[in-house]
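Letter by letter, the chains look like this.
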Amino acid sequence: MHHIILSSETDFDGWRKAARALALNDIKPFDVTWRVADDAPELFEPTNPPLEPPHGTFNVPAKFVELAEVAILHRNPERFALLYRLLWRLRTHHDLLELATDPDVAEPIAMAKAVRRDERKMHAFVRFREIGREQKSHFVAWFEPEHHIVELAAPFFARRFADMPWSILTPDVCAHWDGHVVSFTPGVSRSEAPGADRLEETWRRYYASIFNPARLKVQAMQKEMPRKYWRNLPEASLIKPLIEGAGRSASAMIANAATEPHKPQKRLEPAKANNKASDEASEMARKQADDIEALREEAADCRACHLYKNATQTVFGEGRQTARIMLVGEQPGDKEDLAGKPFVGPAGQMLDRALQEAGIDRRTVYVTNAVKHFKFVPRGKIRLHQKPNTPEIKACRQWYERELAAIRPDLVVAMGATAAQSVFGKITPINKNRGHTIDLPDGTRALVTVHPSYLLRLPDADAKAREYRRFVQDLEIAADVLRKSAHAA
Ligand code: URA
């Protein structure tokens, strides 16, 4: 029997070295035990039969190394053995990773997914508290991760809060940033974490301001923000009263709404003129199998371009799967990045107002962005929005296409140049194309208009009023399409 002792819960290099030596010596998985060294060595440390120094070599797919690096951070104590078994089998079955139903493949994949999900939760739910003031201020947060993700998640906080010294305390390990390097110290108990400070009120005010009673889905919300995180969130004290008050506020919003809820309407079916079209139709059908919630889960792990590195989270589209209109913006802004929802900041308020004036109930439309991660440059405490470039728009287009296939709206409204580039698959000038609908190759109609942030940026009040009017007029075209397709149904 071989007893491998790794130096820590996250000792991937140690595992890799040992696994390689074991595999090269042809040691079977059930002849190996794995554990992590604890501070007190055991009275009788097991002895290992000698291993030949590893010579020779074998290849495993790069995908395996990527998977193992993440799965090893799972809290399952069997993970080292599981990964060794998979490595052992991969030596002779190179395509094994393609067999997603094989338990030796499925389990590490599920573990890696759980680790990534935990990492996202940490990005979203760490709340710093300020200790000391001015020159001496330091920001400290308490977090209880489900898996061993602190080292994995720490670089994100170093990039995001580059100019403030912070510490994230957890029961496993603590991460510290001094403005130059991230360092780690052993874990601590919750009692060592600081209590409330003046940042709490800011969080509460911010949360209350983005809370929309009409869009409240308690189950989805609890899935995104599970109860176990609540006790560390300053805004948690608001959640219960806001949910309780939501019924009342939503009825008030419905009473004030300009239009009746729209009836279910007929969907445009893709044309089937020739083989190519029918291939496209079956591809379309495959894509339609996507359910928006499943897509949202999948997109949460998107690494198709570099923007995920600095953003808090993927901000996926939101709205009913049966929506007849799909509104596409550019990318989430600062507030959307924090809230994880599209158009909840100032541009969202402008959009809500214009939709209402055009006679469209926001609750009936699907709202999304061409690019799903916030792109910005830090300027002191502010994050300055940056326009996404063509490779970023292209990398993200898969999500727009899959949302489109899942929703199959009658009309897509592209707001601004980035959205138009994504919707049409090429640069499409706004002014030349606005004012009328344009047919897309798949039969969906598209409408081009300006982005609501453009209206916010206009310095001159007259121009602002005039452009706002034009924006509402464009949305009225959308309302008209809705009415006509409702009659045709
Ligand atoms: N601007 C966008 O394009 N999308 C948002 O979600 C917010 C601001």
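No experiment lies behind these values; they were computed from the predicted model shown. (Residues numbered from 1 in each chain as written. Predicted model: local features only at pLDDT ≥ 70, side-chain atom pairs only at ≥ 80, totals over all residues. Heavy atoms only, no water.)

S.K.: Teacher, can you tell me more about helix α11 (residues 292–299) here?
M.R.: Working note: α-helix, 3.6 residues per turn, so residues spaced by three or four point in the same direction. Inspection of α11 places I292, L295 and A299 among the buried residues, and these make up the whole buried set. Looking straight down α11, one finds that the buried residues subtend no more than 60 degrees of arc, so they occupy a single side. Along its buried surface, α11 packs onto β9 (366–369) and α14 (390–407). (Buried < 20%, exposed > 50% of the residue type's maximum accessible area, 1.4 Å probe, protein only. Helix = DSSP H or I, 4+ residues; strand = E, 2+ residues; numbered from the N terminus. Arc of directions from axis to C-beta. Contact = heavy atoms within 4.5 Å.)

S.K.: What am I meant to see in the site of the ligand here?
M.R.: Neighbouring the ligand are the residues G329, E330, Q331, P332, G333, E336, P342, F343, A347, N369 and H451. Between the ligand and Q331, the relevant distance is 2.9 Å, taken from a nitrogen atom to a main-chain nitrogen or oxygen of the residue. Take N369: an N or O atom from its side chain is 2.7 Å from a nitrogen atom of the ligand. A total of 240 Å² of accessible area belongs to the ligand in isolation, and the protein chains cover 94% of it. Of the residues contributing to the shell around the ligand, the split by class is four nonpolar, five polar and two charged. (Near = heavy atom within 4 Å. Polar contact = N/O pair within 3.5 Å; in protein donor to acceptor, adjacent residues only side chain to side chain. Areas by Shrake-Rupley, 256 points an atom, 1.4 Å probe, with all protein chains shown as cover. Nonpolar A, V, L, I, M, F, W, Y, C, P; charged D, E, K, R; others polar.)

S.K.: Would you mind showing me how to read the pattern of salt bridges here?
M.R.: Pairing is possible between side chains that carry opposite charge, provided their charged atoms lie close to one another. Using the criterion set out here, one finds 32 salt bridges in the structure. Between D26 and R91 there is a salt bridge, and its shortest N-O distance comes to 3.5 Å. Of this pair, D26 sits in the loop between α1 (12–24) and β2 (32–36) while R91 sits in the loop between α3 (79–90) and α4 (103–125), and the two are 65 residues apart along the sequence. On the basis of relative accessibility, which here comes to 28%, the residue R91 falls in the partly exposed class. Close ionic contact of D337 with R383 constitutes a salt bridge, the shortest N to O distance being 2.9 Å. (Salt bridge = Lys/Arg side-chain N within 4 Å of Asp/Glu carboxyl O.)

S.K.: Would you mind showing me how to read the nonpolar core here?
M.R.: Residues I325, L327, V328, V413, V423 and F471 are the most contacted members of the largest nonpolar core, which totals 57 residues. The dominant element in this core, judged by the number of residues it contributes, is helix α18 (residues 461–488), at eight residues. The residues contacting F471, other than those within four sequence positions of it, are L351, A354, M415, R434, T449, V450, P452 and L455. Listed in part, the 55 residues of the second largest apolar core include I149, A154, V173 and Y229. (Core = buried A, V, L, I, M, F, W, Y, C linked by side-chain atoms within 4.5 Å.)

S.K.: Help me out: how do you make sense of the packing of aromatic side chains in this one?
M.R.: Centre-to-centre distance and the angle between the planes together describe a pair of aromatic rings. Summed over all chains, the structure comprises 13 aromatic pairs. With a centroid separation of 6.0 Å and an interplanar angle of 20 degrees, the aromatic rings of F12 and W15 are classed as stacked. In this pair, F12 and W15 are both assigned in helix α1, three residues apart and thus about one turn of the helix distant. Like F12, the residue W15 is buried in the burial classification. A cation over a ring is seen here: R91 above W88, with NZ or CZ 4.0 Å from the ring centre. In this arrangement the basic side chain of R383 is found over the ring face of F376, its NZ or CZ atom lying 4.9 Å from the centre. (Phe/Tyr/Trp six-rings, centres within 6.5 Å; stacked < 30°, edge-to-face > 60°. Lys NZ or Arg CZ within 6 Å of the ring centre and 35° of its normal.)

S.K.: What is the right way to read the sheet that holds strand β8 (residues 325–329) from this model?
M.R.: To summarise the sheet geometry, strands pair through backbone hydrogen bonds and adopt either a parallel or an antiparallel arrangement. Taken in spatial order, the five strands line up as β9-β8-β12-β14-β13 in an open sheet, and their pairing is mixed. Looking at the sheet topology across the chains shown, the edges are occupied by β9 and β13 (437–439). Adjacent strand axes in the sheet meet at a mean angle of 25 degrees, parallel and antiparallel pairs treated alike. Across four bridges, β8 lies against strand β12 (residues 411–415) in parallel orientation. Residue I325 lies in a different strand from β12, and its bridge partner there is L411. Sheet strands touched by helix α15 (residues 417–424): β8, β12, β13 and β14 (445–449). Its angle to β12, the strand with the most contacts, is close to 140 degrees. (Pairing = 2+ DSSP bridges. Axes fitted to C-alpha atoms, helices over the stretch in contact; angles between N-to-C directions.)

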